[in-house]
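Structural overview for review
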Amino acid sequence: MAEEQTAVQKMLGDFAPELVRLTDDVLFGEVWAGEGLSQRDRSLITVSVLIALYRADQLAFHLPKALENGVTKDELVEAITHIAFYAGWPNAMSAISQLKSIVESETDTR
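The rules behind these values
Residues numbered from 1 in each chain as written. Predicted model: local features only at pLDDT ≥ 70, side-chain atom pairs only at ≥ 80, totals over all residues. Heavy atoms only, no water. Helix = DSSP H or I, 4+ residues; strand = E, 2+ residues; numbered from the N terminus. Buried < 20%, exposed > 50% of the residue type's maximum accessible area, 1.4 Å probe, protein only. Contact = heavy atoms within 4.5 Å. Areas by Shrake-Rupley, 256 points an atom, 1.4 Å probe, with all protein chains shown as cover. Lys, Arg positive; Asp, Glu negative; His and termini not counted. Charge placed at Lys NZ, Arg CZ, Asp CG, Glu CD. Core = buried A, V, L, I, M, F, W, Y, C linked by side-chain atoms within 4.5 Å. Salt bridge = Lys/Arg side-chain N within 4 Å of Asp/Glu carboxyl O. Axes fitted to C-alpha atoms, helices over the stretch in contact; angles between N-to-C directions. Parallel < 35°, antiparallel > 145°, perpendicular 65-115°, else oblique. Left-handed = near helix turned anticlockwise from the far one by under 90°. Nonpolar A, V, L, I, M, F, W, Y, C, P; charged D, E, K, R; others polar.

Quick look at the overall build of the protein chain
A count of helices and strands for the protein chain gives 6 helices and 0 strands. In sequence order, the secondary structure elements of the protein chain are arranged as α-α-α-α-α-α. Taken along its principal axes, the extent of the C-alpha atoms in the protein chain is 45 × 35 × 30 Å. Taking all 110 residues of the protein chain together, the buried fraction comes to 28%. Counting only contacts in the protein chain whose residues sit at least 6 apart along the sequence, the fraction spanning at least 24 positions is 51%. Per element, the accessible surface of the protein chain, about 7,600 Å² overall, is 58% carbon and sulfur. Between the mean site of the 9 positive side-chain charges and the mean site of the 17 negative ones, the protein chain shows a separation of 4 Å.

Regarding the nonpolar core
Core analysis: the largest hydrophobic core is formed by 16 residues, its most contacted members being Val47, Ile51, Leu59, Leu63, Leu76, Ile80 and Leu99. Those elements that provide at least two residues to this core are α3 (39-52), α4 (56-68), α5 (73-87) and α6 (89-108). Setting aside residues no more than four positions away along its own chain, Leu76 makes contact with Leu44, Val47, Leu63, Ala66, Leu67, Val71 and Leu99.

Re the pattern of salt bridges
Enumeration over the complete set of coordinates arrives at 7 salt bridges. Salt-bridge contacts for Arg40 lead to Asp41; the nearest nitrogen and oxygen are separated by 3.3 Å. For Arg40, a relative accessible area of 25% gives the class partly exposed. Among the residues examined, Asp41 registers a relative accessible area of 31% and is labelled partly exposed.

What about the side chain of Asn91?
By the element assignment, Asn91 lies in helix α6. For Asn91, a relative accessible area of 11% puts it in the buried group. Other than its neighbours up to four places away in sequence, Asn91 contacts Ile51, Ala52, Leu53 and Tyr54.

Focus: the packing of α4 against α6
Two numbers describe how α4 lies on α6: the axes approach to 10 Å, and their chain directions differ by 50°. One finds that α4 runs oblique with respect to α6. Like other packed secondary-structure pairs, α4 and α6 cross with a definite hand, here right-handed. Where α4 approaches α6, its residues Ala56, Leu59, Ala60, Leu63, Pro64 and Leu67 are matched on the opposing element by Ser94, Ala95, Gln98, Leu99, Ile102, Val103 and Glu106. Here the residues of the contact of α4 with α6 sort into 10 nonpolar, 2 polar and 1 charged.

Here is the structure:
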């Protein structure tokens, strides 16, 4: 039975196989699996950096992943509010809008 493809394999597998391998094996296979931080903490850090750098496209993956990894909606709201003062209001407003949509979408599917 064939192994199910990761999201990045589905998106870029034939186009950029080495980038896909590095993403799956190194980033998510080694870095995210490191024992020094919990998945929850890694998610909170990643979301914070993505907001600060205004990487809204990547937030679409990492906000739901943060919720899945145990960061609560309220913690994300608090983090985004805090980040607004350091990384800019537009960055925070974009992130909070995405989070709101994700949370509402998850509520609708229950």
